[in-house]
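Examination of the molecular architecture
Residues per chain are reported as follows:
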Amino acid sequence: MDRSIHLVVIQFKPRKGDYASNVVRLAGIFSQIDSLDPRPDIAVFAETALTGYFVEGGIRDVAMTAGAFARDLQAQYASAVTTPRTLDVCIGFYEEWNNAFYNSALYVTLGGDKPVISHVHRKLFLPTYGLFDEERFVDRGFEVRAFDTQWGRAAMLICEDAWHSLTGTVAALDGATIVFVVAASPARGVWPREDEGPVPANLKRWERLARDIAEEHGVFVALVNLVGTEGGKTFSGGSIICGPHGDVRARAPLWDEAILTISLDPQDLTRARSDVPLLTDLQTMMPHLMRTVDRIQAGERLVLSYDNAPTEGGPLTPANRGAGGALGDRAGATPRPAKRSKKGASAADASRNGSEPIAVVRAPESRSGPPPLEIDPELTSGWLVSFLREEFERREFEKAVVGLSGGVDSAVTAYLSAKALGKENVIAVRMPYRTSNPDSLAHAQLVIDALGIESRTIDISPAVDGYLTGEPDADPGRRGNVMARERMIVLFDQSAKYRALPVGTGNKTERLLGYFTWHADDSPPINPLGDLFKTQVWELARFLGVPDLIVSKPASADLIAGQTDEGDFGISYAEADKILNWLVSGYSPASLEARGFDPGMVELVRKRLAGTHWKRKLPTVALLSGTGIGESYLRPVDY
C-alpha cells in the first residue's frame, strides 16, 4: 500500500492589502491542485500569503479570526472542487485573537461539511531590526507544538522562528515528522558565491537553516517563501523541500509564482533516524538539559569539580548549589595515564625522531567587513527586471518613460526597462540644453538604436532660459538645478502624454553623497538602481551589453561644460564606493583608517554623507496629532 505523503507548495504573489481579490484567486489554484496526479494531501502557502507582509498599520484592516479565515478558504474550495475529497491547507495570515493581532499560520482540512482546524501557530520571534518593525504591530505567540493530521504529525514555524534552532528541536520532540516553515523573507545580497548559483545571499542562509532542522532531527522540512514586491522589497520565492538527511528534494523557481509538487516516503524518516539517531540521543538527554536550563534561568553559578572531588549523590545526579559540579569525575574512579602505542611511537620517531617541533599553520588575518561590492550580474539583472514588472503591474502601467542622458545609469535603466516591459513599451526622452555636450545626444542614440525603443528629443533651453533671463546673477550651481528640475517637468509631462510611469536612474553612490538635485533627479516614483553603487552599475552595464563607449567614459551630470562627477567629488567612484560600503555597514572612520584607508578620503566621504541626510528624507512636518503622515499614519506607501 502506498503510504506516501503527497505535498504541494504554492508560491503565491498577493496583491498587498487586498485580501478580497487574493482569496478569490484560490478557487483557480484549488482546481489546479485537484487535477494533479497524484492528488496532493497537503497544500502549503507562505507567511501572510493573502495579504502581503509589510502592511504595518494596515493589519487592523486585514486581520481576522482563524475561524472566519477557514470559512473563506472552505468557500473557495467548495466552489472549485466538486468531489468529496478533502485537502489539508497550511497557510500564513494575520490573525485577530483575544483582542490582539498576531502573525499566525493556520492548518485546516477543507472539503467536508465544514472546515476542520487542526492547529494555529502564532509567531514567536518578531524581528525589530534592519527593515523590520514587526513587534510594533502584532503580539508574540509563546508556544511551538506539534499536532495530529490525517497523514501523521506536523508542526508549523513562521519565518524567524526557524532562525532559532530550539524551535525545530521542540517540534521534533513533540513528534512532528514534517515541519512547515512559512516565510515572507525579502531577498538581500547580490554578491556572487562559488558553487551556489545566482541566488540572493540570504536565500542560501535559509536553505542551510531548513537543511539543518531536517538533518538534526530526522524530519521533512517544507520551506515556503512569498514572491512579489512590496515597497521595493522583493520576495524571492525559491521554496525548498528537505529530506530527513538534510538533502534538498525539490526547489521552486526564483521570483515567480509556481506550484511545486512532491511525494514523500515516511520510511525515509525511519532510515534517517536509524543512520543518525540524534533525536533519540536528545530525548535521552533532554531531562538533564532542562535541569541545566532551569539553573541557568535561576542564575545559579556552575561549581566546578574535578580530580575525584567528592560530590553529593552519584555520577548521574546533577550538581546542586554549593555541591560538586556535574562535570566532576565519577566517584571513586582512578584516572589512568594514556598508553602510548609502540607502533605510533616508532612511526613518529621515524619521521621526526621525536624531537622536531610540530609545524605551525598560520591562518590569514580574519576581520569582519561589509558585504562585497562585487555583484552577480545575472542575479542582479533578473532581480531588477522582476522588480520593474511587479511595480508596473501593481500601479497598472504598461509603458515607461526614461530620461536618457547618454550616461551609464540611464542606459542601464533603459536596458532593464526594455527587458521587463518589452521594447515597444519604453520611451526614451532626451532633454538637452544648448550647452550640453553633443556626445550626450550621440551616446543616448546608441542605446535607442541598440534597444529599438521609441524616443523623443525635447530641447529644454527655451524653458530654462525663460526663467534664468530674470535671474542674471544665477551661479552655475543654481543654473544646473534649474535644468535638472526642468527635465523632471518634461519627464512627468511626457508620462502623462504616454500614460507611462517615469523610471528613475540615480545610483546609490550619488544618493549617499547627495550628488543630485533635490526634488529633481530623485522624483520618479520607482528606481531600479537606487541600491547599487556606481561601480556595481558599471558591472551590470557590461553584463547587459551597454555600449562600452558609454560604460568607459568619465561620468558627468553634463550641467556645466567640462564637469565630471569625480572632479566634483575630489575622489574616484571606486574609492568612494569602498569607503561608503564600510560606513553604511556600521564601521567608524577610525576603524577604516586602522584598515589602511586614507584619513583625508575617509573624512571627505564622511562629511558628504553626514551633510546630505536631508536630501534623502521627505519634508519635515510639524507633528500636531497622533496620526501624522509618515510617522503615525502607518499605511505603507504601496498599500
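All figures in this text were calculated on a predicted structure; none of them were measured in a lab. (Residues numbered from 1 in each chain as written. Predicted model: local features only at pLDDT ≥ 70, side-chain atom pairs only at ≥ 80, totals over all residues. Heavy atoms only, no water.)

**Things to note about the sheet that holds strand E7 (residues 153–158)**
Our working rule: In this description, strands pair whenever DSSP reports at least two bridges between them. Numbering of helices and strands starts at the N terminus; helices are DSSP runs of H or I of at least 4 residues and strands are runs of E of at least 2.
Judged by pairing direction, the sheet is mixed, and its six strands sit side by side in the order E6-E7-E8-E9-E12-E13 without closing on themselves. Strand pairing shows two members of the sheet lacking a second neighbour, strand E6 (147–148) and strand E13 (248–251), which therefore form its edges. In the sheet, E6 pairs with E7 via two bridges, with the strands oriented antiparallel. The residue bridging Phe147 from the neighbouring strand is Ala154, located in E7.

**Overview of the nonpolar core**
Keep this limit in mind: Among the buried residues, those of types Ala, Val, Leu, Ile, Met, Phe, Trp, Tyr and Cys that are joined through side-chain atoms within 4.5 Å form a nonpolar core. Only protein chains enter the accessibility calculation, which uses a 1.4 Å probe; a residue whose area is less than 20% of its type maximum is buried, one above 50% is exposed, and one in between is partly exposed. We call two residues in contact when some of their heavy atoms are within 4.5 Å.
Core analysis: the largest hydrophobic core is formed by 132 residues, its most contacted members being Leu7, Phe180, Trp206, Val221, Ile241, Val412 and Leu416. For this core, the leading source of residues is helix H11 (residues 408–421), giving nine residues. With sequence-adjacent residues up to four places away left out, Leu416 is seen in contact with Ser381, Leu384, Val385, Leu388, Pro528, Leu529, Leu540 and Leu544. Membership of the second largest hydrophobic core comes to 28 residues, among which are Val8, Phe12, Ile33 and Ala49.

**Observations concerning the sheet that holds strand E3 (residues 87–97)**
Where we set the bar: For every element, the axis is a line fit to its C-alpha atoms; helices are fit only across the contacting stretch, and the angle between N-to-C directions ranges from 0 to 180 degrees.
Across the sheet, which stays open at both edges, the six strands sit in the order E5-E4-E3-E2-E1-E14 with mixed pairing between neighbours. Edge positions in the sheet fall to strand E5 (116–122) and strand E14 (258–264), since each of these pairs with one other strand and no more. Strand-to-strand twist of the sheet, defined as the mean angle between neighbouring strand axes without regard to direction, takes the value 25°. With respect to the sheet, helix H4 (residues 66–80) is in contact with E3, strand E4 (100–110) and E5, its orientation differing from that of E4 by roughly 40°.

**So, the packing of aromatic side chains**
Going by this rule: Working definition: rings of Phe, Tyr and Trp (its six-membered ring) pair if their centres are within 6.5 Å, and the pair is stacked with planes under 30 degrees apart, edge-to-face with planes over 60 apart, and tilted otherwise.
As enumerated under the stated definition, the model contains 20 aromatic pairs in all. Judged by centre distance (6.1 Å) and plane angle (20°), the rings of Phe54 and Phe132 are stacked. With a gap of 78 residues between them, Phe54 in the loop between strand E2 (42–44) and helix H3 (59–62) and Phe132 in the loop between E5 and E6 connect regions that are remote in the sequence. Taking relative accessible area as the criterion, Phe54 reaches 7% and is therefore assigned buried.

**Focus: helix H21 (residues 599–610)**
Worth spelling out the cut-off: By this rule the span expected of a helix is its residue count minus one, scaled by 1.5 Å. What the arc describes is the spread of directions from the helix axis to the C-beta atoms. Here a polar contact is recorded for every N or O atom pair within 3.5 Å, except that within protein the pair must consist of a potential hydrogen donor and a potential acceptor, and residues adjacent in sequence are included only if both atoms are side-chain atoms.
Taking 1.5 Å per residue as the helical rise, H21 with its twelve residues ought to reach 16 Å, and the 16 Å between its terminal C-alpha atoms agrees with that figure. Burial in H21 covers these residues: Val602, Val605 and Leu609. Angular distribution of buried residues about the axis of H21 spans 70°; they occupy a single face of the element. Those residues of H21 that are buried are in contact with helix H15 (508–513), helix H19 (573–584) and helix H20 (589–594). The N-capping residue of H21, defined by a side-chain oxygen 3.0 Å from the backbone nitrogen of Gly600, is Asp598.

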